[in-house]
Amino acid sequence: MEYLKKSSLWALQAFLLCFFIVFSNNGVNASHKVFPELQSTSSIDVENVHRTGYHFQPPKNWINGPMYYNGVYHLFYQYNPYGSVWGNIVWAHSVSTDLINWITLEPAIYPSKVFDKYGTWSGSATILPGNKPIILYTGIVDSKKTQVQNYAIPANLSDPFLEKWIKPDNNPLIVADVTINKTQFRDPTTAWLGQDGYWRISIGSVWENKGIALLYKSKDFMKWTKVKNLLHSADNTGNWECPDFYPVLLHGTNGLDASYNGKNVKHVLKVSLDVTRFEYYTVGTYDTKKDMYSPDKTSVDGWKGMRLDYGNYYASKSFYDPSKNRRIMWGWANESDSVDDDVRKGWAGIQTIPRKLWLDPSGKQLVQWPVEELDTLREQKVQLKNHKLKKGEKIEVKGITPAQADVEVTFSFPSLDKAEPFDPSWTDLYAQDVCGIKGSTVHGGVGPFGLLTLASENLEEYTPVFFRVFKAQNKYKVLMCSDASRSTLENDKTMYKPSFGGYVDVDLAKNKKLSLRSLIDHSVVESFGAGGKTCITSRVYPTLAIYDNAHLFAFNNGTETIKIELKAWSMSKPKMNWSFGHSSY
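Every value quoted in this text rests on a predicted model; they were computed, and no experiment measured them.

A look at the pattern of salt bridges
What the rule picks out here adds up to 28 salt bridges. Here Asp-291 makes a salt bridge to Arg-200, at a shortest N to O gap of 2.9 Å. In this pair, Asp-291 is assigned in the loop between strand E22 (278–287) and strand E23 (292–295) and Arg-200 in strand E16 (residues 199–207), connecting sequence segments 91 residues apart. A residue is classified by how much of its surface remains accessible, and Asp-291, at 5% relative accessible area, is buried. By relative accessible area, which is 3% here, Arg-200 ends up buried. Glu-526 is the partner of Arg-355 in a salt bridge, and the nearest nitrogen-oxygen pair spans 3.0 Å. Here Arg-355, found in strand E28 (residues 355–359), pairs with Glu-526, found in strand E39 (residues 524–529); they are 171 residues apart in sequence, far enough to count as distant. In terms of burial, Arg-355 and Glu-526 fall into one category: buried.

See below:
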């Protein structure tokens, strides 16, 4: 095919975010849980109380991702055009020139062929030589959820928005062989080009509870062969979904194309674990001769490993943005209320703010930060300088809209002498468990200190985001928490209100400061600790702290006096042009 001739150059400049499910009870439902009686149920009135102001979400129904091409960012995302629970999934399509203001088009891909009759699930996009984008996606071919890998191409490359996509009849391109679980064989990555002229992709799967990243290669992007070796695997991690594999520079914050073959790089492998509903990543080395990836000794596979976000964040995907030489990651935050609540309010799921990511100078972890374009939404600004908070004190941040705000604050403290000892019994606990034990109201030494977001005037409701410093053996251990347990007076037992947490890798002995940025947007609080080393996203549903009745405080419940430097802005709403109704597929 002329469209696919030649090789070289552009790997990932595009992708689709994976999709997923609804929180319920004290955890989450199984992957791709179907509610047949609800998936096409429309709400009578769309409730806007907890709708976000500057995060991306359609006006109604269930969503659950992007590509840069010829000056335009393309956001493809999994969407149910008929209801606010998972089902009827299509590839919805929106475009932007700045990642903030969006125009929504008709769905790009929807079930219509024998090779995707029962579903068009997630995938990725690659820019082929000649500046030609191609999408790889998982198609569902029968009621047993048999999964195959298909492709689609633009109908008209001269169309700046690439509104129409064609699914050629030579699909599927990849079918599972007898060694693969056909119902857990999905989410192809962006392709990368090896020095041997062969394209490669990875597909997530599982084998006897071992999470695996399968590897396929092709010369022409049409005929794919499974590589004998796995790209990577890990025991006792269950099914791997939404794999993401890309190179990162050892130094600096610039991004790299997925096919980059130069020196001074590490590789990152991210997987979404179906069992835990969280995302984990490792930093390591990609052996191009053996076609195998090996995590560094400082990276741990699986449940005890590093997470991109220690909160309500799943199915992320990154892409290379050549216009600003950066790698951008976009994630999805689903709802933490019940399925019935989603049907009642008429919508479910949001996209988090796109984040630039790069390798920390230590080489051990990624750093994430909201894209610079977000700053264009900042309006009224307030500042607090050199304000001291003693034990039990708090100060209200006034002059902005606390329900829709961007807050940056630096906490400094003169001494670490009062840091609490780290209990050795916590070593086997997850950070969020320690946050549950040592909450924002439990007085300590150095901390807890932080922000009380989406707070009611008398603190009947609030979502604290805070730090706590412990003294461990030969080092100080920094805990960051975002606690939804007091976020609402709603007594629905099905609502998920965890205390999320993660540890922050900083050397406080050198610099006795901790920074925090929180993006507050009605029902979501996205927080970035220590310049983006640790990130936590919480979904919350206050009943009192809404609109103008929301408040924001800085607080300190530790015996060590804390000094704060704070800047906060009200955030305006971006322009969203929703130009389509239900798909006609």
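What follows continues from the structure just given.
Quick notes on the nonpolar core
Side chains of a nonpolar character, in soluble globular proteins, are inclined to be buried together. Judged by nonpolar contacts, the single largest core of 72 residues is most densely connected at Phe-467 and Ile-564. Here this core gets five residues from one element, more than from any other, and that element is E22. Among the nonpolar cores identified, the runner-up in size contains 21 residues, and Ile-153, Ile-174, Ala-176 and Trp-199 belong to it.

A short note on the state of the cysteines
If you walk through the whole model with that rule in mind, you get one disulfide. What pairs with Cys-435 in a disulfide is Cys-481, and their sulfur atoms sit 2.0 Å apart. Linking Cys-435 and Cys-481, the disulfide has an S-S dihedral of approximately -85° and is accordingly described as left-handed. A residue pair is termed long-range when its members are at least 10 positions apart, and Cys-435 in helix H2 (residues 431–437) and Cys-481 in strand E36 (residues 475–483) qualify at 46 residues. The pair Cys-435 / Cys-481 is uniform in exposure class, with both members buried.

Some words on the side chain of Ser-299
Turning to its location among the elements, Ser-299 is positioned in the loop between E23 and strand E24 (314–321). At a separation of 3.0 Å, a polar atom in the side chain of Ser-299 contacts the main-chain amide nitrogen of Val-283. The residues touching Ser-299, leaving out its near neighbours within four places in the chain, are Thr-282, Val-283, Met-306 and Lys-364.

Regarding the packing of aromatic side chains
The relative placement of two aromatic rings is captured by the distance of their centres and the angle of their planes. What the rule picks out here adds up to 26 aromatic pairs. On the basis of an interplanar angle of 70° and a centroid distance of 6.1 Å, the ring pair of Trp-91 and Tyr-137 is categorised as edge-to-face. Placement of the pair is Trp-91 in strand E7 (residues 90–96) and Tyr-137 in strand E10 (residues 132–140), with a sequence separation of 46 residues. Under the relative-accessibility criterion, Tyr-137 is labelled buried at 0%. Here Phe-422 and Trp-426 contribute two aromatic rings whose centre-to-centre distance is 5.4 Å and whose plane-to-plane angle is 85°, an arrangement assigned as edge-to-face. Residue Phe-422 is classed as buried on the basis of its relative accessible area of 14%. Here Trp-426 falls in the buried class, since its relative accessible area comes to 8%. Here the aromatic cluster, defined as three or more aromatic residues joined through ring pairs, consists of Phe-56, Tyr-77, Trp-102 and Trp-330. Of note, Lys-219 hangs over the ring of Tyr-198, and the distance from its end group to the ring centre comes to 5.0 Å. Of note, Lys-477 hangs over the ring of Tyr-503, and the distance from its end group to the ring centre comes to 4.5 Å.

Observations regarding the sheet that holds strand E42 (residues 562–571)
The sheet built from six strands is open, its strands ordered E30-E42-E32-E38-E39-E40 with antiparallel pairing. Strands at the two margins of the open sheet, each flanked by one partner only, are strand E30 (378–389) and strand E40 (534–539). Averaged over all adjacent pairs, the angle separating strand axes in this sheet is 15°, with direction ignored. When strand E32 (residues 404–412) meets E42, the two strands line up antiparallel, connected through eight bridges.

What about the pairing of E32?
A large share of E32 lies buried, amounting to seven of its nine residues. Summarising the sheet, E32 and strand E38 (residues 513–521) pair through nine bridges and their orientation is antiparallel. By the bridge assignment, Glu-408 is partnered in E38 with Arg-517.

Some remarks on the sheet that holds strand E20 (residues 240–249)
Judged by pairing direction, the sheet is antiparallel, and its four strands sit side by side in the order E20-E21-E22-E23 without closing on themselves. Of all the strands in the sheet, just E20 and E23 have a single pairing partner and so form its edges. Adjacent strand axes in the sheet meet at a mean angle of 40° when their direction is disregarded. Bridge count for strand E21 (residues 265–273) against E22 is seven bridges, and the pairing is antiparallel. When the bridges of E22 are listed, His-267 appears paired with Gly-284.

Quick look at the confidence of the model for the protein
Taken over all residues, the pLDDT of the protein has a mean of 89, while the share at 70 or more is 87%. Note on residues 34–38: pLDDT is under 50 here. Beyond four places in sequence and across chains, it has ten contacts. For residues 581–585, every residue scores under 50 in pLDDT, and the model assigns this stretch 14 contacts once sequence neighbours within four places are set aside.

Each value, and the rule that gives it
Starting from 1, residues in each chain are numbered consecutively following that chain's sequence as written. Thresholds applied to this predicted model are a pLDDT of at least 70 for local features of residues and 80 or more for the giving and counting of side-chain atom pairs; totals over whole chains, interfaces and linings are not thresholded and use all residues. Note that the side-chain values use all heavy atoms of the structure and ignore hydrogens as well as water. Whenever Lys or Arg places a side-chain nitrogen within 4 Å of a carboxyl oxygen from Asp or Glu, that contact is recorded as a salt bridge. Counting from the N terminus, the helices are the DSSP runs of H or I reaching at least four residues and the strands are the DSSP runs of E reaching at least two. Relative accessibility decides the category of a residue: with a 1.4 Å probe and only protein chains considered, values under 20% of the type maximum give buried, values over 50% give exposed, and everything between is partly exposed. What is meant by a nonpolar core is a set of buried Ala, Val, Leu, Ile, Met, Phe, Trp, Tyr and Cys residues, joined one to another through side-chain atoms within 4.5 Å. Disulfides are defined as cysteine sulfur pairs within 2.5 Å. Each polar contact in these results corresponds to two N or O atoms within 3.5 Å; when the atoms are within protein, one needs to be able to donate a hydrogen and the other to accept it, and residues that are neighboring in sequence are counted only if both atoms are side-chain atoms. When checking whether two residues touch, look at their non-hydrogen atoms; a contact exists if any pair is within 4.5 Å. Two aromatic rings from Phe, Tyr or Trp, using only the six-membered ring of Trp, form a pair when their centres are within 6.5 Å; if the ring planes differ by under 30 degrees the pair is stacked, by over 60 it is edge-to-face, and anything between is tilted. Only when the NZ of Lys or the CZ of Arg is both within 6 Å of the ring centre and within 35 degrees of the ring normal is a charge said to sit over the ring. Strand pairing is defined by DSSP finding a minimum of two bridges between the two strands. Note on definitions: angles span 0 to 180 degrees between N-to-C directions of axes, and those axes are lines fitted to C-alpha atoms, for helices only across the stretch in contact. By definition, pLDDT measures how confident the predictor is in each residue, and it falls between 0 and 100.

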